[in-house]
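Here is how the chains run, residue by residue.
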Amino acid sequence: VNTATGMMSLIFIVIVMNTDLTVRRSLEIDMRKAIQDGDFQLHYQPQIGEEGQIVGAEALIRWRHPRTGNIPPADFIPLAEETGLIVPIGNWVLRAACAQLALWETQPETRHLTMSVNVSASQFRQPDFVQSVTEIVRLSGITPSRLKLELTESMFVDNVESTTAKMNALKAIGIVWSLDDFGTGYSSLSVLHRFPLGQIKIDKAFVRDMLTNSSNMVVTEAIIALAANLNLQVIAEGVETVAQLNRLREAGCLAYQGYLFSPPVDIEAFTKLLAPEAASTVWSSWPRPSVP
Ligand code: C2E
Ligand code: MG
Ligand code: MG
Ligand code: MG
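Since the model is a prediction, treat every value here as computed from it, not as a measurement.

Participant: An account of the pattern of salt bridges is requested, with residue identities and associated values reported.
Facilitator: Counted according to the given criterion, the structure contains 13 salt bridges. Ionic pairing is found between glutamate 135 and arginine 138, a salt bridge with its closest N-O pair at 3.3 Å. A residue pair is termed a helical-turn pair when its members lie 3 or 4 positions apart in one helix, as glutamate 135 and arginine 138 do in helix H5 (residues 129–140) at 3 residues. Relative accessible area serves as the criterion here: at 37%, glutamate 135 is assigned to the partly exposed category. For arginine 138, a relative accessible area of 55% translates into the label exposed. Note that arginine 247 is salt-bridged to glutamate 221, the shortest N-O span being 2.9 Å. Placement of arginine 247 in helix H10 (residues 242–250) and of glutamate 221 in helix H9 (residues 214–229) is noted, with a sequence separation of 26 residues between them. Among the residues examined, glutamate 221 registers a relative accessible area of 31% and is labelled partly exposed. Look at the salt bridges and you will find they share partners, linking Glu58, Glu150, Lys201 and Glu237 into a network.

Participant: Give a description of a nonpolar patch on the surface that names residues and reports values.
Facilitator: On the surface, Met7, Met8, Leu10 and Ile11 cluster together into a nonpolar patch covering about 410 Å² of accessible area. Overall, methionine 8 belongs to the exposed group, its relative accessible area being 57%.

Participant: Account for the coordination of the magnesium ion (ligand 3), naming residues and giving values.
Facilitator: Distances from the magnesium ion (ligand 3) to its protein donors, Asn118 (OD1) and Asp180 (OD), fall at 2.2 to 2.8 Å. Separating the magnesium ion (ligand 3) from the magnesium ion (ligand 2) is a gap of 3.4 Å, which asparagine 118 spans by donating to each of them. Residue asparagine 118 is located in strand E4 (residues 114–118), and its partner aspartate 180 is located in strand E6 (residues 176–182); the two are separated by 62 residues in the primary sequence. Take asparagine 118: its relative accessible area is 28%, and that puts it in the partly exposed class.

Participant: Run through helix H6 (residues 160–172), naming residues and quoting values.
Facilitator: Note: α-helices contain 3.6 residues per turn, so residues at a spacing of three or four share the same orientation. Spanning 13 residues, H6 covers 18 Å between terminal C-alpha atoms, matching the ideal 18 Å at 1.5 Å per step. Listing the buried residues of H6 in full gives Thr163, Thr164, Lys166, Met167 and Leu170. Down the axis of H6, the buried side of the element spans an arc of 165°, and every buried residue falls inside it. Every exposed residue of H6 that faces more than 90 degrees away from the buried side is listed here: Glu161 and Ala172. Elements in contact with the buried residues of H6: helix H4 (121–125), H5, strand E5 (147–152) and E6. After H6 finishes, the residue glycine 174 shows a positive phi value of roughly 115°.

Participant: Before we move on, can you summarise empty space enclosed by the protein with the specific residues and values?
Facilitator: Scanning the entire structure with this criterion turns up 1 cavity of 30 Å³ or more. Lining the largest cavity are Val87, Asn91, Gln123, Gln126, Asp128, Phe129, Ser132 and Val133. Going through the elements one at a time, helix H3 (86–105) and H5 are the ones with two or more residues in the lining of the largest cavity. If you tally residues by element for the lining of the largest cavity, the top one is H5, at 3 residues.

Participant: Describe the site of ligand 1, listing the residues and the values that go with them.
Facilitator: Inspection of the region around ligand 1 gives 21 residues, with Arg62, Asn118, Asp180, Glu240 and Tyr259 positioned closest. Glutamate 240 places a polar side-chain atom, nitrogen or oxygen, 2.5 Å from a nitrogen atom of ligand 1. Contact with the protein chains hides 82% of the accessible area of ligand 1, taken as 800 Å² for the molecule alone. Assessed atom by atom at 2 Å from the grid points, ligand 1 resides in the largest pocket. At the level of elements, strand E2 (54–65) and E6 are the ones that each hand at least two residues to the shell around ligand 1. Counting residues per element, the shell around ligand 1 draws most heavily on E2, at 4 residues. Here the shell around ligand 1 is built from residues that sort into 8 nonpolar, 5 polar and 8 charged.

Criteria and thresholds
- Residues numbered from 1 in each chain as written.
- Chains lettered and ligands numbered in written order.
- Predicted model: local features only at pLDDT ≥ 70, side-chain atom pairs only at ≥ 80, totals over all residues.
- Heavy atoms only, no water.
- Salt bridge = Lys/Arg side-chain N within 4 Å of Asp/Glu carboxyl O.
- Helix = DSSP H or I, 4+ residues; strand = E, 2+ residues; numbered from the N terminus.
- Buried < 20%, exposed > 50% of the residue type's maximum accessible area, 1.4 Å probe, protein only.
- Patch = residues over 30% accessible without salt bridge, like charges linked within 9 Å, V, L, I, M, F, W, Y side chains within 5 Å.
- Areas by Shrake-Rupley, 256 points an atom, 1.4 Å probe, with all protein chains shown as cover.
- Donors = N, O, S within 2.8 Å, 3.2 Å for Na, K, Ca; no water.
- Expected span 1.5 Å × (residues − 1).
- Arc of directions from axis to C-beta.
- Contact = heavy atoms within 4.5 Å.
- 1 Å grid on protein atoms, 1.4 Å probe; cavity = no way out; pocket = protein on both sides within 12 Å on 5 of 7 lines; lining within 4 Å.
- Points joined across faces, edges and corners; volume = space filled by probe spheres on them.
- Near = heavy atom within 4 Å.
- Polar contact = N/O pair within 3.5 Å; in protein donor to acceptor, adjacent residues only side chain to side chain.
- Sits in = over half its atoms within 2 Å of the grid points.
- Nonpolar A, V, L, I, M, F, W, Y, C, P; charged D, E, K, R; others polar.

The following block contains the structure:
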């Protein structure tokens, strides 16, 4: 009986593993095709400044799969990383985001906007990373200081020298480094002054629990204070309520991103958000500071 049961579970495991492999393999093939077929798209989420104005956008990839519909980045970026496909995908993202930024720079109403782009670990580790970014930036004609590249804490764990060298090389041409999802990793606080960062993003997990969990509030306040002391810009992610916004403002955080203002949207919808009329309707809940 035991042997039979054992056999059955073994067969079961083999089937599950194969299915998993088949799914991953077909996803990989589809991903290669998606690059060629133009099935990737960028959405833009506004970043809001002190007075409720849009100061920039984060570019977020979307995959419109021809058969299964939209696939969220969390479901394909990890596989893209493992298979190395993140390199062509990441380059596509950077080219598309820079092309949009270049367009914004041609219009007086949008030329102040910045663009944030996520960079994945294996993309950053490529020996020619600095060269490809420099090339894309140069060809697009953008002002490099309006481009922010987002890294995560995990990338600071090893290869400190080469990480610092790469960051310095791109900082030298004007690009700003931003530390995404700050507070969720296991790195020490020393990353904040050891690496040439310009911005930190407070992870949405802190913002979400800030008002219900006092230790999260303490950590959030400490991050904001630390950023100010180190001359780093700070932006809060995942701001969903006016209560969170007010608390962040009190703590001295002056830039925000989150569903309270807008989810990531396509370029047509983003352009509508930029219209002057939108300021009064879209941010109706914005508690504007009273004019003295
Ligand atoms: P991220 O860089 O931390 O991006 C923020 C994520 O939070 C986005 O999810 C955004 O839609 C979501 N978000 C924004 N505001 C709120 C809010 O108020 N509440 C909640 N609950 N969520 C909010 P998205 O677009 O699904 O992206 C997930 C992750 O996938 C990103 O996290 C980023 O790590 C990765 N990703 C997205 N696009 C790219 C890309 O072009 N390249 C790379 N390498 N990674 C990307
Ligand atoms: Mg990000
Ligand atoms: Mg990220
Ligand atoms: Mg984040």
